[in-house]
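Topology and contacts: notes
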Amino acid sequence: MTNGSEVSSQPSQTEFSPAKILKQVFAAAIVCALWAVILWQSQLVVSSISYVNWALPAAGLVLFMPFLALTAMILENRLYFILIAVLAFAYLLFFPINLYAVLAIACLLFGFWRAYFRVKFEMANHIKFGAHQIIRRASSMFMLAFLLVVSFNVLANVSEDLANDDSRIYSGLADMVTRGVLPIVERNLPGFHRALTLDQYIVNGFVNSIPQYQDLPPEVREGELAQSREQLLAYLHIQAVGSEPLTDIARRAVEIKLAEVLRPHAAFLPLIYGLVIFSLLRILAFFVEWLSLAFGALLFWILRKTEFLKITHTQIFAEHVEI
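These notes cover the structure that comes with them. All values reported here derive from a predicted model rather than from experimental measurement.

Cut-offs used in this document
Residues numbered from 1 in each chain as written. Predicted model: local features only at pLDDT ≥ 70, side-chain atom pairs only at ≥ 80, totals over all residues. Heavy atoms only, no water. Axes fitted to C-alpha atoms, helices over the stretch in contact; angles between N-to-C directions. Helix = DSSP H or I, 4+ residues; strand = E, 2+ residues; numbered from the N terminus. Parallel < 35°, antiparallel > 145°, perpendicular 65-115°, else oblique. Left-handed = near helix turned anticlockwise from the far one by under 90°. Contact = heavy atoms within 4.5 Å. Nonpolar A, V, L, I, M, F, W, Y, C, P; charged D, E, K, R; others polar. Buried < 20%, exposed > 50% of the residue type's maximum accessible area, 1.4 Å probe, protein only. Lys, Arg positive; Asp, Glu negative; His and termini not counted. Salt bridge = Lys/Arg side-chain N within 4 Å of Asp/Glu carboxyl O. Polar contact = N/O pair within 3.5 Å; in protein donor to acceptor, adjacent residues only side chain to side chain.

1. Topic: the packing of helix H3 (residues 77–89) against helix H4 (residues 99–124)
Where H3 meets H4, the closest approach of the two axes is 9 Å, and the angle between their N-to-C directions is 150°. With respect to each other, H3 and H4 are oriented roughly antiparallel. You can see that H3 and H4 cross each other, and the crossing is right-handed. When H3 is examined against H4, the residues Asn-77, Tyr-80, Phe-81, Ile-84, Ala-85, Leu-87, Ala-88 and Phe-89 are found in contact with a partner set consisting of Ile-105, Leu-108, Leu-109, Phe-112, Trp-113, Ala-115 and Tyr-116. Looking at the contact of H3 with H4, its residues break down into 14 nonpolar, one polar and no charged.

If you want it as structure tokens, here you go:
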């Protein structure tokens, strides 16, 4: 029997239309440009051990996913394989060549290739074209591969830093912990404001607890301040002169405590670090995928309105059982 269906038109493998070739080149060029930006920004984030600054790579992925689905739709096998080979090996332009690079390229090739087949499967098994499902098919497997690539690089960087200078690792961890903890401390600790210096915070404490503190001679006030500062710094196991903001004091104290706790288990730190980053990025990936779906819906609407893509009707044959 026959049944009406709606499918996205695909370029013929024997027909060489200049318009279709230009469309394919345009889509491939956009994918390459976005991928270069994603790799560049990801390399900056990973190398700086500042994993809270994923806004730019995430924004790049939001734009990249719909265009990846588009190229999987309009390119034939050989052309798509050439494209993903270029994209996968472009990794070497931004990240060092090592064992992790081999794993990363393998993951990228797998993610790109699975995205292609999942898109083709979606188009072949639904009688009505739907951009939402196609983008979801392309993004789900690729996002997993990309997060594994990031985790490999985190492992490599952490292992290298532990071998050379482990203070950089603990400093990066302290930055992340301090950013999360300081807003809570400000809300719950009276008189604590991150903009205050250490000496200002101590003096404010004296003023609130000792009403006659301001009437004391300057040399007495200075002596009380110096004594309290030394006691506090000795308790925190850090060095300071008193003019540092409380943000810096808190970060130094957290770094010292993290080093004390984690240094005996440094051999397991790269793996733990990689797993934590992978888990956090999986949460971020959920929002990236939903934003890419929204952008993709707009993109495919524009492509159809401008006749970059055309929806045609065809007939299909399906098996029918009779007795």
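2. Some details on the packing of helix H7 (residues 198–209) against helix H8 (residues 218–236)
Contact geometry for H7 and H8: axes closest at 10 Å, N-to-C directions at 115°. One element, H7, and the other, H8, form an angle in the roughly perpendicular class. In this structure, H7 crosses over H8, and the sense of that crossing is right-handed. Counting all contacts with H7, which are made through Leu-198, Asp-199, Ile-202, Val-203 and Phe-206, the residues of H8 involved are Glu-224, Leu-225, Ser-228, Arg-229, Leu-232 and Leu-233. Counted by class, the contact of H7 with H8 contains seven nonpolar, one polar and three charged residues.

3. Considerations on the environment of Phe-81
Assignment of secondary structure puts Phe-81 in helix H3. With relative accessibility at 47%, the residue Phe-81 sits in the partly exposed group. For the pair Phe-81 and Trp-113, spaced 32 residues apart in sequence, the C-alpha to C-alpha distance is 7.6 Å.

4. Some details on the side chain of Lys-120
Tracing the sequence through the fold places Lys-120 in helix H4. In this structure Lys-120 is buried but unpaired, with Glu-76 as the nearest side chain of opposite charge at 9.2 Å. For Lys-120, the side chain forms a polar contact with the main-chain oxygen of Ala-72, separated by 3.1 Å.

5. A few points about unusual backbone geometry
Most of the time, phi is negative for any residue but glycine, and the peptide bond is trans. One non-glycine residue, His-237, adopts positive backbone phi at about 65°. Here His-237 shows up in the loop between H8 and helix H9 (246–262). Overall, the relative accessible area of 53% leaves His-237 in the exposed class. A positive phi angle is found at Glu-307, which is not glycine, with a value near 60°. Within the element layout of this structure, Glu-307 appears in the loop between helix H10 (269–305) and strand S2 (311–317).

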